[in-house]
Amino acid sequence: MDDHQTQDLVKELVHRLLPAAESGGGGGGGRDAGGALRFAHRILSSRLAPAVLPDEHALAESIKRRLAASGRPDDALAFADLHSKLSARSRPASLWPLLYLLDSLSSRRRAAAAASCLPNLPTAAPPRNAASGAAAGAGGRPGARAHGAPPGGVVLVSKDPNIREIALREYTELVLDDMEVSEAALVRDVLYACQGIDGRYVRYDKAGDAYDLPDGVRVPRSTRTLVRKLCELGWLFRKVRGFISDNISRSPSDAATEVGTVAQAFCSALQEELSDYYKLLAVLESYSLNPIPTPGSDSGVSGNYLSLRRLAVWLAEPAVRMRLMAVLVDGCRGLRGGAMAGAIHGHAQHGDPMFQEFMGRLLRRVCSPLFEMVHSWVLEGELEDVFAEFFIVGQPVKAESLWREGYLIQSDMLPSFISPVLAQRILRTGKSINFLRVCCDDNGWADAAAEAAAYVGTTTSRGGLGYGETDALEALVVEAAKRIDRHLMDVIHKRYRFKDHCLAIKRYLLLGQGDFVQYLMDVVGPELSEPANRISSFQLAGLLETAIRASNAQYDDRDILDRIKVKMMDHGDGDRGWDVFSLEYDARVPLDTVFTASVMKIYLKVFNFLWKLKRVDHSLTGVWKTMKPNCIVSSPFYKEGISIRAQFVSVLRKCQVLFNEMNHFVTNFQYYIMFEVLEISWARFSDEMDAAKDLDDLLLAHDKYLNSILEKALLGERSHGLLRNLFELFDIILQFRSHADRWFERIYELQLRGKGKPKSKSKESGSWLDGGRKAMIQLAGELFRKMGEDLDSIAKDYTASLDAFITQLPMQQHVDLKFLLFRLDFTEYYSRVSSSK
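Because the structure is predicted, anything quoted here is derived from the model rather than measured.

What counts and how
- Residues numbered from 1 in each chain as written.
- Predicted model: local features only at pLDDT ≥ 70, side-chain atom pairs only at ≥ 80, totals over all residues.
- Heavy atoms only, no water.
- Axes fitted to C-alpha atoms, helices over the stretch in contact; angles between N-to-C directions.
- Helix = DSSP H or I, 4+ residues; strand = E, 2+ residues; numbered from the N terminus.
- Left-handed = near helix turned anticlockwise from the far one by under 90°.
- Contact = heavy atoms within 4.5 Å.
- Nonpolar A, V, L, I, M, F, W, Y, C, P; charged D, E, K, R; others polar.
- Salt bridge = Lys/Arg side-chain N within 4 Å of Asp/Glu carboxyl O.
- Buried < 20%, exposed > 50% of the residue type's maximum accessible area, 1.4 Å probe, protein only.
- Expected span 1.5 Å × (residues − 1).
- Parallel < 35°, antiparallel > 145°, perpendicular 65-115°, else oblique.
- Core = buried A, V, L, I, M, F, W, Y, C linked by side-chain atoms within 4.5 Å.
- Phe/Tyr/Trp six-rings, centres within 6.5 Å; stacked < 30°, edge-to-face > 60°.
- Lys NZ or Arg CZ within 6 Å of the ring centre and 35° of its normal.

## What about the packing of helix 17 (residues 420–439) against helix 19 (residues 470–495)?
Piece 1. In contact at an axis separation of 9 Å, helix 17 and helix 19 are set at 40° when each is read in the N-to-C sense. For the element pair helix 17 and helix 19, the recorded crossing hand is left-handed. Across the interface between the two elements, L422, R425, I426, R428, T429, S432, I433, F435 and L436 from helix 17 touch L473, E474, V477, V478, A480, A481, I484, D485, H487, L488, V491 and I492 from helix 19.
Piece 2. Here the contact of helix 17 with helix 19 is built from residues that sort into 14 nonpolar, three polar and four charged.

## A look at the environment of L427
Piece 1. Turning to its location among the elements, L427 is positioned in helix 17.
Piece 2. Sequence separation of L427 and Y407 is 20 residues, and the distance between their C-alpha atoms is 7.6 Å.
Piece 3. Beyond its immediate chain neighbours, meaning those up to four positions away, L427 contacts W377, I392, Y407, L408 and I409.

## Details of the pattern of salt bridges
Piece 1. The full count for this structure, using the stated rule, is 34 salt bridges.
Piece 2. Close ionic contact of R365 with E272 constitutes a salt bridge, the shortest N to O distance being 2.1 Å. Taken together, the residues R365 in helix 14 (residues 353–366) and E272 in helix 10 (residues 252–288) connect sequence positions 93 residues apart.
Piece 3. Taking relative accessible area as the criterion, R365 reaches 31% and is therefore assigned partly exposed.
Piece 4. Taking relative accessible area as the criterion, E272 reaches 40% and is therefore assigned partly exposed.
Piece 5. For R563, the salt bridge identified is with D559, shortest N-O distance 3.4 Å.
Piece 6. Assessed through its relative accessible area of 8%, R563 is described here as buried.
Piece 7. What you see here is one network of salt bridges that share partners, running through E451, E479, K482 and R483.

## Description of helix 15 (residues 368–380)
Piece 1. Helix length check: helix 15, at 13 residues, gives a terminal C-alpha distance of 17 Å against a target of 18 Å (1.5 Å per residue), a fit within 8%.
Piece 2. Counting buried residues in helix 15 gives ten out of 13 residues, a clear majority hidden from the surface.
Piece 3. Looking at helix 15, one finds that the buried residues are P369, L370, F371, M373, V374, H375, S376, W377, V378 and L379.
Piece 4. One or two steps after helix 15, the chain reaches G381, where phi turns positive at roughly 70°.

## Regarding the packing of helix 13 (residues 337–346) against helix 14
Piece 1. Close contact between helix 13 and helix 14 brings their axes to 10 Å; oriented N to C, the two are set at 175°. Classified by the angle their axes make, helix 13 and helix 14 are roughly antiparallel. On helix 14, the residues touching A341, I344 and H345 of helix 13 are M359, L362, L363 and V366.
Piece 2. Looking at the contact of helix 13 with helix 14, its residues break down into six nonpolar, one polar and no charged.

## A few points about the nonpolar core
Piece 1. In terms of nonpolar packing, the biggest core is built from 207 residues, with F595, I673 and F805 touching the most fellow members.
Piece 2. Among the elements that line this core, the one with the most residues is helix 27 (residues 642–691), at 18 residues.
Piece 3. Once residues lying within four places of it in the same chain are set aside, the contact partners of I673 are F609, L610, L613, L678 and A713.

## Re the packing of aromatic side chains
Piece 1. Going through the model one piece at a time under the given rule, you end up with 29 aromatic pairs.
Piece 2. A centroid spacing of 5.8 Å and a plane angle of 20° characterise the contact between F498 and F595, whose relative ring orientation is stacked. You can see F498 sitting in helix 20 (residues 498–508) and its partner F595 sitting in the loop between strand 6 (581–585) and helix 25 (597–626), a full 97 residues away along the chain.
Piece 3. For F498, a relative accessible area of 1% puts it in the buried group.
Piece 4. With relative accessibility at 3%, the residue F595 sits in the buried group.
Piece 5. Members of the aromatic cluster, each reached through a chain of ring pairs, are F609, F665, F669, Y672, F727, F730 and F805.
Piece 6. Looking at K431, its charged tip hangs above the ring of W403, at a distance of 4.5 Å from the centre.
Piece 7. When the ring centre of F727 is taken as reference, the NZ or CZ atom of K612 above it lies at 4.6 Å.

## Description of the environment of G199
Piece 1. For G199, the location among the structural elements is in the loop between helix 8 (183–193) and strand 1 (203–205).
Piece 2. Given a relative accessible area of 7%, G199 falls into the buried group.
Piece 3. Expressed as a C-alpha distance, the spacing of G199 and R188, which sit eleven residues apart in the sequence, is 7.7 Å.
Piece 4. Apart from the residues lying within four places of it in its own chain, the contact partners of G199 are D189 and Y192.

## Considerations on the side chain of H702
Piece 1. Along the polypeptide, H702 turns up in helix 28 (residues 695–712).
Piece 2. According to the relative accessible area criterion, H702 is buried, its value standing at 1%.
Piece 3. Once residues lying within four places of it in the same chain are set aside, the contact partners of H702 are V594, F595, V599, Y603 and F685.

## Observations concerning the side chain of N668
Piece 1. By the element assignment, N668 lies in helix 27.
Piece 2. Accessibility expressed as a relative area gives 11% for N668, which makes it buried.
Piece 3. Contacts of N668, omitting those with residues within four sequence positions, involve L820, R823 and L824.

## Overview of unusual backbone geometry
A negative phi holds for most residues other than glycine; trans holds for most peptide bonds.
Piece 1. That bond from V589 to P590 is cis: its omega, 5°, falls within 30 degrees of zero.
Piece 2. Phi at R497 is positive, roughly 50°, even though this residue is not glycine.
Piece 3. Turning to its location among the elements, R497 is positioned in the loop between helix 19 and helix 20.
Piece 4. Non-glycine residue L714 carries a positive phi angle of around 65°.
Piece 5. Considering the arrangement of structural elements, one finds L714 in the loop between helix 28 and helix 29 (720–760).

## Some details on the environment of K612
Piece 1. If you trace the backbone, K612 turns up in helix 25.
Piece 2. Here K612 falls in the partly exposed class, since its relative accessible area comes to 26%.
Piece 3. Taking the C-alpha atoms as reference, K612 lies 8.8 Å from F727; in sequence the two are 115 residues apart.
Piece 4. In contact with K612, other than residues within four places in its own chain, are F727 and F730.

Right, dumping it as structure tokens:
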């Protein structure tokens, strides 16, 4: 078949398919028929294959379903009948190309009809290619459907380049008609806005706090939205640049005074990031000089042009970084030093690698001043914090308070990437260096710091540590602390003999040196019995020296003995020397760091308690010396008649029984205090002292030692009631000693008066055996009766106080106090007496 026959057949087919109104002459029908004929020729002459695989059965079923769905069931049945007959005649050839052509023409008509219903929209352009008569261009397997194509052979046809250019040109003309400003001008204004500069059209609106096009500028809505989105970068840039300008003045010294070194480093890091941003904008400005090509323009235009959409792609990543910098700027306002570094570190915990890389680079710059401060503090003990940015703060104090109060941690300045435990180690390491340098006048810490730095692999010079190297920092701090603390402990124990001084305090202030205490009480007893306002401190100091020289204390180191001094406490009217006398120990630098004024007050409190206990024991010893058996047997009243002898023996028996009860209590209580409290506490303190690795451990061990003594010796806050009853017992015992001295002094006077009467009077006056004997017996009887009454009264008060004391012991929480109850009442005598009442 030649080409002329083919054209005639196609023309006849088109006229048969078109309605009579369209194919007939006149009007626009001829033009529609001519257009349809040209469209058919263009489809048949196209060499492009359709985007679907040939499937005759699927296409036929799709056409039938469409006819049925459109309300034409008769046409659907007629089409099925014709298709079956034609298929039977054309075997083995396929009818798919013919069905595809017919379906494409039908789809074209439906699209034109739909477009005619929308008068405001331009009629859609016809497809630019169609299927060939055969499926030779389909590369899939037979019977399969191409990916993404709808079932039934409805396809997306490749576009003709010529039609595409025409459509783009028409679209460009429509857009240009709606735009009052060229795209190139908008690109330049957006680039200006990204640098915080107002352009010709895009300007900063203070009321809206944003860059925007004025409402009077006529541009498409999509273009206006895109410009606003791109200008967000300029708004972020203004925020970051404003923070930098607020914190960096023209005078570097003034800026540092205001914001500190960490903020300066942060601003410097931001400025460096902005420098890279400026470089990108310079490149984009060079691209913006190239004209933006339009459809149909000369193909020789450079491809490095810059449109708004290309600009959006270029600025996507810088916008992310600028947005992050703006967030950091907002979060760091009002912060400084370690608090600022911690706030920035909080934003670094992100899973995006770009975020991590950016924040790591920024934090290395920001944290550099902090790590330099840590390095200087740990290895040199220097606190170079002019602007109060470091998490360790120093304050001027006395040498004795340097360790406890000289340096503290500011929790609000501690960055989150340094743990509290590590911060405490950093604090203690620098404190140790300063304590050695200021209090101990020692420079051996420098060698220890150098050895620690060499062991870790760093140097004592500045630098070498930075953000992200927390493990290296911790290793340096741990090693430096270990070596410097070890050197400090050596200085404290060997050079300043800390343990010897603790032992001296135990022996003299805690009355552990028995012979010294006994002799001291003997020599100062007469003086202390006087009113407090009559006692001379210089005389007591001489008596103290006498007691030292008379006891084994004389063999102690002279430096220790010179530190023991007499101290008279404040006294009021009626106070005796016993009430105000005490000893103190002169703890000099650096030992006064441990033995502070508050600690020495505790020692003074313990001394006063032990001194009163020793005084009670000493008083009972004096009572025993007075009423010992050989003195009683040698008494004349013991050899008199049955009446006076019985009365004398009864009184002495009451006195002896009361003494034994008091002596039992005082002996057991004193044993408990001296051994169960002082010795056991000292043994534990000695072990902890030897095991202490740093000064904090030593201070903690000493505090535990003192607290143990206070709690177990009834001097704690929870034992006030029990201590009050104990002091009442002590007063009753001292009262007993006072009465005993007065009683036996009267008895001794009576004995002397009776023995001396014959020598002083004549024989007419009589002697002890005749005239004076009756009077002496009468006086002695009165004395013994008064002694008995006083003894009964003292015994009653003592029993009541002792019962109250023993009753409160089981309620104490400390287990050692329960052991004291067992010692005092091991036969359960007091328990039975108390229960019988």
